[in-house]
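Given next are the chains, with one letter for each unit.
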Amino acid sequence: MTGPSHRGLYRSLPLVLGGLLGSFLLLVAGFAGVLPIAAREQRLALALGMLGGVVLIFALCALASLRRHRWTIDGDAVLIEERPLVPLIGPRRVRRVPFGDIASLSNVSEGGDALLDLTTSDGEHFVLPPVRTRGTGPAARPDQEGLASFAARLQAAMTAAGVVAPPVTDGLGFWNRPSGLALLTAVFLASLAVAAVILWGLWEGQIRRARTHEAAAFLVALPIALGWWLRRCWQRRRDVLRAMQARPL
């Protein structure tokens, strides 16, 4: 007989930003390396083809980033199921993790949500996102209370099975680890380069249309938002590492 379960839609922002950065680099490499040596009559077709390829790559990354995660408390273990939201775009993963193999439970930050992270004794990571519910406003909000309630149920089931349940502590998410900070820094630097080119175009009078001005203003302001986010990720990493050092063994 299975126990309570929790399911949520996981949005892999690292995959989206990685796809965006990779598409941008491919586009720059194509324009810098292919167009100059192509015949004049072929340049338009090549440029359109490269733009189409970049859009396709980014769209596939965006679709593959959406995944359904479900955890079910099952006797003396937790059954973890992960599958793509769009069939055939991304792998499926199913694990049955015995309670004795759960090394830690932690809250990790991913974008605007706090996810429940489970780490096994062999170092495998699983994350469970909160359910997004309709609040008083028009936008959906993450149900962090429901996720915390499920974590408490999992701890209670571990205790009932005779296993010492680890406390739920603050942990390091992808954006607080070196790989995530490196990716975010690369995206930040790329946005700075784009903003510099746009500002140069505005200064030289190359950008004149009103709608183009609106898009340019967004791209110029993007590095500010990314810089603020990068600073927040560094601060969380610092705070979590300090708390880990101060935690009694």
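Before reading further, recall that the structure is shown in the block above.
Residues numbered from 1 in each chain as written. Predicted model: local features only at pLDDT ≥ 70, side-chain atom pairs only at ≥ 80, totals over all residues. Heavy atoms only, no water.

A. Local environment of the overall build of the chain. Helix and strand counts for the chain come out as five helices and 10 strands. Buried residues in the chain amount to 33% of all 249 residues. Across the chain, every contact between residues at least 6 apart in sequence was considered, and the portion connecting residues at least 24 apart equals 58%. Within the structure as shown, the chain displays about 14800 Å² of accessible surface, and the carbon and sulfur contribution to it stands at 64%. (Helix = DSSP H or I, 4+ residues; strand = E, 2+ residues; numbered from the N terminus. Buried < 20%, exposed > 50% of the residue type's maximum accessible area, 1.4 Å probe, protein only. Contact = heavy atoms within 4.5 Å. Areas by Shrake-Rupley, 256 points an atom, 1.4 Å probe, with all protein chains shown as cover.)

B. How the structure looks around the pattern of salt bridges. If you walk through the whole model with that rule in mind, you get six salt bridges. Where Arg93 meets Glu124, a salt bridge forms, and the shortest distance between an N and an O atom there is 3.4 Å. Taken together, the positions of Arg93 in strand S4 (residues 93–98) and Glu124 in the loop between strand S6 (113–120) and strand S7 (125–128) put the pair 31 residues apart, joining distant regions of the chain. Of the residues examined, Arg93 reaches a relative accessible area of 24% and is grouped as partly exposed. Judged by its relative accessible area of 23%, Glu124 falls in the partly exposed class. With a shortest N-O distance of 3.3 Å, Arg238 and Asp239 are connected by a salt bridge. A relative accessible area of 40% means that Arg238 is categorised as partly exposed. In the salt-bridge network here, residues are joined through shared partners; they are Glu82, Arg93, Arg95 and Glu124. (Salt bridge = Lys/Arg side-chain N within 4 Å of Asp/Glu carboxyl O.)

C. Structural context of helix H1 (residues 13–33). Helix length check: H1 (21 residues) gives 30 Å between terminal C-alpha atoms against 30 Å at 1.5 Å per residue, within 8%. Among all positions in H1, only Pro14, Val16, Leu17, Gly19, Leu21, Ser23, Leu27 and Gly30 are buried. (Expected span 1.5 Å × (residues − 1).)

D. Highlighting a nonpolar patch on the surface. Residues Phe31, Leu44, Leu48 and Leu51 make up a contiguous nonpolar surface patch of roughly 390 Å² in combined accessible area. In terms of residue count, the dominant contributor to the nonpolar patch is helix H2 (residues 43–64) (three residues). With respect to the helices, strands and loops of the structure, Leu51 is situated in helix H2. (Patch = residues over 30% accessible without salt bridge, like charges linked within 9 Å, V, L, I, M, F, W, Y side chains within 5 Å.)

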